[in-house]
Amino acid sequence: MGGVLLLFAMATLWFASELRILPSSSTTVTTRSLPFAVGVVIALGALILILRPSPRLLGETLAPVLRPQAMAFVALLFVYALTFRYVDFRFGVWLFMLVSMALLGERRPLMLAIMPIACAAVIFMIFRYGFIVLVPTWI
C-alpha cells in the first residue's frame, strides 16, 4: 500500500512540476505550491507506511474504501474533476459540497444550507486572491 501511495505522490509531484506559472506571477506562492505540498504530504505518509507497515491485512485496510458510499464519493470527485473546466468554480464547489455532505450523512438543514456556500466562498477567495489563480467563472 505504501508503494502505491509513493507512486501516486511521485505522479502528483511530476504533474505539479508541469503546471505553467504566469510570467507576471512574482509571489512566493504559485499555482504549483498546493499540488507540491499535497504531493509531499502523500509521500511522507507513504514512507511511513513503507517503514512501519500495518499488521492488518490488505482486505481489512481497504474495506472502508470499498463501501458503496465511499465509491459514490469517489465517483462524485471524478465527475467534479471532469466538469471543472466547464462549470463556474463557485457553483461547482457549492454543488460538490452539498452532494458530498448529504452522501456522507449530513442531515441538518442549517449545516447543508450554510457550509457549502461558506466553503465555496472561502476556497474561491483563497485561490483567486491568495494564490492569484484564475478559476472558471461565468456567474
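Because the structure is predicted, anything quoted here is derived from the model rather than measured. (Residues numbered from 1 in each chain as written. Predicted model: local features only at pLDDT ≥ 70, side-chain atom pairs only at ≥ 80, totals over all residues. Heavy atoms only, no water.)

(A) Structural view of the packing of helix α4 (residues 68-83) against helix α5 (residues 89-103). α5 packs onto α4 with a crossing angle of 175° between their chain directions and a minimal axis gap of 10 Å. As the angle between them shows, α4 and α5 are arranged roughly antiparallel. In this structure, α4 uses Gln69, Ala72, Phe73, Leu76, Leu77 and Tyr80 to contact α5, whose residues at the interface are Phe89, Gly92, Val93, Phe96, Val99, Ser100 and Leu103. By residue class, the composition of the contact of α4 with α5 is 10 nonpolar, 3 polar and no charged. (Axes fitted to C-alpha atoms, helices over the stretch in contact; angles between N-to-C directions. Helix = DSSP H or I, 4+ residues; strand = E, 2+ residues; numbered from the N terminus. Parallel < 35°, antiparallel > 145°, perpendicular 65-115°, else oblique. Contact = heavy atoms within 4.5 Å. Nonpolar A, V, L, I, M, F, W, Y, C, P; charged D, E, K, R; others polar.)

(B) Inspection of the pattern of salt bridges at higher detail. Going through the model one piece at a time under the given rule, you end up with 2 salt bridges. Among the ionic pairs, Asp88 bridges to Arg90, the shortest N-O distance being 3.0 Å. Its relative accessible area of 0% is what places Asp88 among the buried residues. Judged by its relative accessible area of 27%, Arg90 falls in the partly exposed class. The closest approach of N and O atoms between Arg108 and Glu106, which form a salt bridge, is 2.8 Å. A relative accessible area of 49% places Arg108 in the partly exposed class. For Glu106, a relative accessible area of 17% puts it in the buried group. (Salt bridge = Lys/Arg side-chain N within 4 Å of Asp/Glu carboxyl O. Buried < 20%, exposed > 50% of the residue type's maximum accessible area, 1.4 Å probe, protein only.)

(C) Summary view of the nonpolar core. Grouped together as the largest cluster of nonpolar side chains are 10 residues: Phe89, Val93, Met97, Met101, Cys119, Ala120, Phe124, Phe131, Val133 and Val135. Secondary structure elements with two or more residues in this core: α5 and α6 (109-130). Not counting residues within four places of it along the chain, the set of residues in contact with Val93 comprises Tyr80, Cys119, Ala120 and Ile123. (Core = buried A, V, L, I, M, F, W, Y, C linked by side-chain atoms within 4.5 Å.)

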